[in-house]
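Descriptive analysis of the structure
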Amino acid sequence: MKAFLILEDGHVFSGTSIGSAREVISEIVFNTSMTGYLEVMTDPSYAGQAVCMTYPLIGNYGICYEDQESNRPWIDGYIVRELSRIPSNFRSVDTIQHFLEKHDIPGICGIDTRALTKILREKGTMNGMITVNENFDLDDIIPRLQKYRTGKVVEKVTCREKKVLPGKGPKVALMDFGAKRNIARSLNERGCQVTIYPALTTAEEILADQPDGIMLSNGPGDPKECTSIIQEVKKLYDSQVPIFAICLGHQLMALATGADTHKMKYGHRGGNHPVKDLKTGRVYISSQNHGYVVDTETLDERVARPAFVNVNDQTNEGLEYIGKNIFTVQFHPEACPGPQDSSYLFERFIEMMGGTK
Ligand SMILES: NC(=O)CC[C@H](N)C(=O)O
């Protein structure tokens, strides 16, 4: 079946429908990872976005459920050049086609993803529609695309109930704003007892459980949409409990302590983003997925100082909070997909909490 990707600037790509035939409007972003497509699809930070994979052949090693970063795919739509017809992998239990269909997620294949990516890089991230309706009316669709806003998405992806992963080491409270599974796993396999809390849990409730440390997770959407969560994060900042935050968590801590964030032109999504540790000068290759960034000019130097910078575009990649046991990163030390260069940061967090007991 034919499908179309219509961008809000009027570009139309024609390809073949994959997954569900449902029509969807979403923000269109691109990801440059060469592997790890299932981790991307199931990363809750993509809720509210349709993802174009720049790697030209997707699906060749099938779907291995144990690689999922959450219990379902969260992308609004999927855009690929070529979908592998014959996945081959001894661990594979499904195909992308079936996986998307099962979760009612539409997609399009057979389009020039390189041309699409160039448009997004030149004009910036924009909204788009994936549809199988051949009689679409651009005059009707374009104003709808221009008006569309993603809105609040954290509430949609967070867990419904508190959950404990037992461990003999430090007790970590993990705030689930749409956490990738490998954050809890990275802490748990280093001995931590991890309690995962729904995003709207109050600071009082978390602190009453007396955690040794608090982990603020990644998550979808504009950080400024998380108004009530930001107030709770401020209370966590005011407590003396060590805090480590990743991506959305990093942005929320910055907003909670008076700094500002803004939307980037087309964001960072992929597995090869170089970040430099400003203390040591050492560069790590990191996994990234974000469209917003902390404005370093708005940082109060008495509150926080930049700890990491992106080597490609000099944007902020991490903060260290002055006089506090708090550090936060914009990139993903939990990888999945992507390089594991920065997984040592979980060990740094454990040391901040007093080490393994
Ligand atoms: N992976 C994340 O946590 C992303 C954070 C935020 N939604 C952004 O796009 O910048």
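Residues numbered from 1 in each chain as written. Predicted model: local features only at pLDDT ≥ 70, side-chain atom pairs only at ≥ 80, totals over all residues. Heavy atoms only, no water.

All right, on to a nonpolar patch on the surface then. On the surface, a cluster of nonpolar side chains totalling about 200 Å² of accessible area is made up of Val283, Ile285 and Val311. Among the secondary structure elements, Val283 is positioned in strand E16 (residues 283-294). (Patch = residues over 30% accessible without salt bridge, like charges linked within 9 Å, V, L, I, M, F, W, Y side chains within 5 Å. Areas by Shrake-Rupley, 256 points an atom, 1.4 Å probe, with all protein chains shown as cover. Salt bridge = Lys/Arg side-chain N within 4 Å of Asp/Glu carboxyl O. Helix = DSSP H or I, 4+ residues; strand = E, 2+ residues; numbered from the N terminus.)

This part is about the UniProt feature "binding site: L-glutamine" (unreviewed entry) in the protein. If you check UniProt for "binding site: L-glutamine" (unreviewed entry), the listed places come out as Ser45, Gly219, Gly221, Leu248, Gln251, Asn289, Gly291 and Tyr292 in our numbering. A maximum C-alpha distance of 13.2 Å places the annotated residues, which cover 248 residues in sequence, within one compact spot. Assignment of secondary structure puts Asn289 in strand E16. We classify Asn289 as buried; its relative accessible area is 6%. Not counting residues up to four positions away in its chain, the partners in contact with Asn289 are Asp43, Ser45, Tyr46, Cys247, His268, Arg269 and His332. At 3.1 Å, the side chain of Asn289 and the side chain of Asp43 are in polar contact. Residues within four places of Gly291 in sequence aside, it is in contact with His262, Lys263, Met264, Gly267 and Arg269. (UniProt positions renumbered as here; feature names shortened; annotations may be inferred. Buried < 20%, exposed > 50% of the residue type's maximum accessible area, 1.4 Å probe, protein only. Contact = heavy atoms within 4.5 Å. Polar contact = N/O pair within 3.5 Å; in protein donor to acceptor, adjacent residues only side chain to side chain.)

With five of six residues buried, strand E18 (residues 316-321) is to be regarded as a mostly interior element. Linkage of strand E17 (residues 304-310) to E18, two consecutive antiparallel strands, is achieved through a turn of five residues, within which Gln314 is found at a positive phi near 65°. As paired elements, E18 and strand E19 (residues 326-329) share three bridges and run antiparallel to each other. Residue Glu320 lies in a different strand from E19, and its bridge partner there is Phe327. Counting the residues between successive antiparallel strands, the hairpin from E18 to E19 contains four residues, one of them, Gly323, with a positive phi of roughly 70°. (Pairing = 2+ DSSP bridges.)

Evaluation of the coordinates by the stated rule reveals 16 salt bridges. Residue Arg305 pairs with Glu320 through a salt bridge whose shortest N-O separation is 3.3 Å. On the criterion of sequence distance, the pair formed by Arg305 in strand E17 and Glu320 in strand E18 is long-range, its members being 15 residues apart. Assessed through its relative accessible area of 22%, Glu320 is described here as partly exposed. Taken together, the shared-partner salt bridges in this structure form one network comprising Glu66, Asp67 and Arg91.

Peptide bonds are trans in most cases, and residues, glycine excluded, mostly fall at negative phi. Cys336 connects to Pro337 through a cis peptide bond whose omega is 10°. Mapped onto the fold, Pro337 is located in the loop between E19 and helix H10 (344-352). A positive phi angle is found at Gln210, which is not glycine, with a value near 50°. Here Gln210 shows up in the loop between helix H7 (203-208) and strand E13 (213-216). Residue class for Gln210 comes out exposed when judged on its relative accessible area of 60%. Even without glycine at this site, Ala335 takes up a positive phi of about 55°. Structurally, the position occupied by Ala335 is in the loop between E19 and H10.

With that out of the way, let us pick up the sheet that holds E16. If you trace the ten strands from one edge of the open sheet to the other, you get E10-E12-E11-E13-E14-E19-E18-E17-E15-E16, paired in mixed fashion. Each of the sheet's edge strands pairs with one partner strand only, and the pair in question is strand E10 (163-165) and E16. The average undirected angle you get between the axes of adjacent strands in this sheet is 20°. (Axes fitted to C-alpha atoms, helices over the stretch in contact; angles between N-to-C directions.)

Here Leu100 lies in helix H2 (residues 96-102). Considering only alpha carbons, one finds Leu100 and Leu57, 43 residues apart in sequence, at a separation of 17 Å. With residues up to four places along the chain from it excluded, the contact list for Leu100 reads Ile18, Gly19, Ser20, Met41, Ile75, Tyr78 and Ile105.

Remark: helix H8 (residues 227-238) packs on helix H9 (residues 248-256), axes separated minimally by 8 Å, with the N-to-C direction vectors making an angle of 80°. With respect to their mutual orientation, H8 and H9 come out roughly perpendicular. Together, Ile229, Ile230, Val233, Lys234 and Tyr237 of H8 and Leu252, Met253, Leu255 and Ala256 of H9 make up the contact between the two elements. Across the contact of H8 with H9, the residue classes break down as eight nonpolar, no polar and one charged. (Parallel < 35°, antiparallel > 145°, perpendicular 65-115°, else oblique. Nonpolar A, V, L, I, M, F, W, Y, C, P; charged D, E, K, R; others polar.)

With that settled, consider the sheet that holds strand E2 (residues 12-19). Strand order in this closed barrel of seven strands is E1-E2-E8-E6-E4-E3-E9, and the pairing throughout is mixed. In this sheet, neighbouring strand axes are inclined to one another by 35° on average, regardless of whether the strands run parallel or antiparallel. Pairing between strand E1 (residues 2-7) and E2: five bridges, direction antiparallel. What sits directly across from Lys2, in E2, is Thr16.

Here we take up the site of the ligand. Among the 13 residues in the neighbourhood of the ligand, the closest are listed as Gly219, Gly221, Cys247, Asn289 and Gly291. Separating a nitrogen atom of the ligand from a side-chain N or O atom of Ser45 is a distance of 3.0 Å. In the environment of the ligand, a nitrogen atom lies 2.8 Å from a nitrogen or oxygen atom belonging to the backbone of Asn289. With four residues, the single largest contributor to the shell around the ligand is E16. Grouping the constituent residues of the shell around the ligand by class yields four nonpolar, nine polar and no charged. (Near = heavy atom within 4 Å.)

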